[in-house]
Amino acid sequence: AGGIFGEMSLIDGSPRSATVTATGPTRVSVIDNRRFQIILNSIPKEVRPLFSALTERLRNTSQMVSSLSLWERLVYSICSVIRMSAGVLGTQRERGYQFNYRDLLQEACRVLALTHDKIEEAIRSLASTDLAGIDSGEKPELDVFFIADADQFAGFVDFLSERLSNIPGFPVPSRKYCQLSQKAREILFFLKNQYGRLPRDDSGRSHYDFDKYIKESVEGLHHGVKDAILRLQELAAAGAVRLDKLSPVVRNKAIVYNVEDLNRAQLILLQTEDFDEIYRKLMRKV
C-alpha cells in the first residue's frame, strides 16, 4: 500500500526498468506525463534539474549492481567448477593442482552453459590474483591453468559463498568467514588474555562467567554493555566461542572456549582480509 512504480520514466522519458503485476484486487492512481508536468511546473525552476540528475544516477546504480551480481555469480560458478573438477581433470602441483587450460575451459562451458568468451574472461581474471595463474606452453593447446594452494582456494570459494548469500535465491552458507567488526576483534584478544586465569572443564575449555565478562570487558575495553554482548555474539557466529546458558563450571551463563578456538579465529580473520583484497581485485573487472 502506498507504493509507487514507473516514476523514473515520468522524469527522464526512458523505458520503465520494472514490470509490475497485481496479485489481487488493486486500486491505483495513474499520473500520466501531462499531469506530472503540471505538478513539475509548480516547482521552482532551480530545483527541477535535480529530479533528472537523481533519476540518471539511480539508473546507473541499478545497472552497476545488476552487472556486479552477474559477475559475482560467474566468478563463484567458475571457482566451484574448478574445485569440483580437480580430481577428474586436475593433476597434483606442489600444494595445489593444475589443468590443461583448454580442457578446463571446455568443461566450464559445458557445465555452466555459457559462452566461451565470458568463461575465459572469468578464468583469466582469477589467474590475475594470488590464487591462480596460467603457464604458457610451447603451443596454445599446452597452456596450463594452476591453483597455487588447494586449501587457500577452497577457503576462498567458501568466502565467496558468504559474500553472495545476500543475493535472492543463493544458498545460505556457513558463517566461517563472516566479517568481524573491529570491536569484535578487540574482544577476541581480550578473551585470549583472560584465558589463563579462568576455570576449566575436563576437556580443557575455559568457562568465563558471563556477568563477570560483561563487567570486565566494559571496564577494560570501555565498550558499552550492548556492544560487549553484540560483539560476543559475532564471535559465537564465527565459531570462536560457545555460549552456554548454564555452565556446570561457573554455575551461570558462560563463554566457553580454548586457545585453539581463538587462534583459529585469528587465522580466519587474516585469511578473510586476504580474500577480501582478492575479491575487490576481481570485482574491479566489472
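Structure: above.
Criteria and cut-off values
Residues numbered from 1 in each chain as written. Predicted model: local features only at pLDDT ≥ 70, side-chain atom pairs only at ≥ 80, totals over all residues. Heavy atoms only, no water. Helix = DSSP H or I, 4+ residues; strand = E, 2+ residues; numbered from the N terminus. Buried < 20%, exposed > 50% of the residue type's maximum accessible area, 1.4 Å probe, protein only. Contact = heavy atoms within 4.5 Å. Areas by Shrake-Rupley, 256 points an atom, 1.4 Å probe, with all protein chains shown as cover. Patch = residues over 30% accessible without salt bridge, like charges linked within 9 Å, V, L, I, M, F, W, Y side chains within 5 Å. Salt bridge = Lys/Arg side-chain N within 4 Å of Asp/Glu carboxyl O. Phe/Tyr/Trp six-rings, centres within 6.5 Å; stacked < 30°, edge-to-face > 60°. Pairing = 2+ DSSP bridges. Axes fitted to C-alpha atoms, helices over the stretch in contact; angles between N-to-C directions. Parallel < 35°, antiparallel > 145°, perpendicular 65-115°, else oblique. Left-handed = near helix turned anticlockwise from the far one by under 90°. Nonpolar A, V, L, I, M, F, W, Y, C, P; charged D, E, K, R; others polar. Polar contact = N/O pair within 3.5 Å; in protein donor to acceptor, adjacent residues only side chain to side chain.

Enquirer: Honestly, the overall build of the protein in this entry has me stumped. Any pointers?
Expert: Of the regular secondary structure elements, the protein holds 10 helices and 7 strands. Expressed as a percentage of the 286 residues in the protein, the buried residues total 37%. Within the protein, residue pairs in contact and separated by at least 24 positions form 60% of the contacts whose partners lie at least 6 positions apart. Surface accessibility of the protein: about 17600 Å² in total, with carbon and sulfur atoms responsible for 53%.

Enquirer: Just checking my understanding: could you explain a nonpolar patch on the surface for this structure?
Expert: On the surface, F5, V20, V28 and V30 cluster together into a nonpolar patch covering about 410 Å² of accessible area. Residue position: F5 is located in the segment before α1 (7-12). On the basis of relative accessible area, F5 is assigned to the exposed category, the value being 53%.

Enquirer: Mind showing me how you'd approach the environment of R34 here?
Expert: Within the secondary structure, R34 is located in helix α2 (residues 33-41). A sequence separation of 24 residues divides R34 from L10, and the C-alpha atoms of the two residues are 9.6 Å apart.

Enquirer: Please clarify how the pattern of salt bridges should be interpreted in this entry.
Expert: Between side chains of opposite charge, a pair can form as their charged atoms come close. All told, the structure shown has 17 salt bridges when counted by the stated rule. For the salt bridge of K118 with E121, the shortest nitrogen-to-oxygen distance reads 3.7 Å. Remark: E121 and K118 occur in helix α5 (residues 116-127); sequence separation between them is 3 residues, near one turn of the helix. Accessibility expressed as a relative area gives 39% for K118, which makes it partly exposed. For E121, a relative accessible area of 36% gives the class partly exposed.

Enquirer: What exactly am I supposed to notice about the packing of aromatic side chains here?
Expert: Geometrically, a pair of aromatic rings is defined through the distance of the ring centres and the angle of the planes. In total, this model carries 10 aromatic pairs according to the counting rule given. Ring geometry for F156 and F159: centres 6.0 Å apart, planes at 25°, overall stacked. Taken together, the residues span about one helical turn, with F156 and F159 both in helix α6 (residues 150-163) at a distance of 3 residues. There is no split in this pair, since F156 and F159 are both buried. By the ring-pair criterion, three or more aromatic residues cluster together here, those being F156, F159, F275 and Y279.

Enquirer: Sorry if this is basic, but what is going on with the sheet that holds strand β6 (residues 242-247) here?
Expert: In sheet architecture, strand pairing relies on hydrogen bonds along the backbone and comes in two forms, parallel and antiparallel. Within the open sheet, the 3 strands sit side by side as β5-β7-β6. Their pairing is antiparallel. Looking along the sheet, the strands with just one partner apiece sit at the ends: β5 (206-209) and β6. Strand-to-strand, the axes of this sheet are offset by a mean angle of 35°, without reference to chain direction. Taken together, the 4 bridges between β5 and strand β7 (residues 252-257) define a ladder with antiparallel strand orientation. Along β7, the bridge assignment pairs Y208 with I255. Contacts from helix α8 (residues 210-221) reach β5 and β7 within the one sheet, and its direction differs from that of β5 by about 70°.

Enquirer: It is not clear to me how the packing of helix α7 (residues 182-194) against helix α10 (residues 259-283) should be interpreted in this structure. Could you clarify?
Expert: Helix-helix packing: each pair is described by the crossing angle between the helix axes and the interaxial distance. Packing of α7 against α10 brings their axes to within 10 Å, and their N-to-C directions diverge by 150°. Between α7 and α10, the interaxial angle falls into the category roughly antiparallel. Here the hand of the crossing between α7 and α10 comes out left-handed. Of the residues in α10, those in contact with R185, L188, F189, L191 and K192 of α7 are V259, L262, N263, A265, Q266, L269 and E273. Tallied by class, the residues present in the contact of α7 with α10 amount to 7 nonpolar, 2 polar and 3 charged.

Enquirer: Looking at this structure, I do not really get the sheet that holds strand β2 (residues 96-100). What am I missing?
Expert: Within the open sheet, the 4 strands sit side by side as β1-β2-β4-β3. Their pairing is antiparallel. Each edge of the sheet is formed by a strand with only one pairing partner; in this case those strands are β1 (91-93) and β3 (132-135). Ignoring which end each strand starts from, the neighbouring axes of this sheet average 30° apart. The sheet contact formed by β3 and strand β4 (residues 144-147) spans 4 bridges and is antiparallel. Looking across to β4, one finds that A132 is bridged to I147. Sheet contacts for helix α4 (residues 101-112): β2, β3 and β4; angle to β2, the most-contacted strand, approximately 85°. Sheet strands touched by α5: β3 and β4. Its angle to β3, the strand with the most contacts, is close to 105°.

Enquirer: What am I meant to see in the side chain of H207 here?
Expert: Looking at the secondary structure, you find H207 in strand β5. Within the structure, H207 has its side chain in polar contact with the side chain of D201 (distance 2.8 Å). When near neighbours in sequence (up to four residues on either side) are disregarded, H207 contacts L198, P199, D201, D244, S247, V249, V250, A254, I255 and V256.

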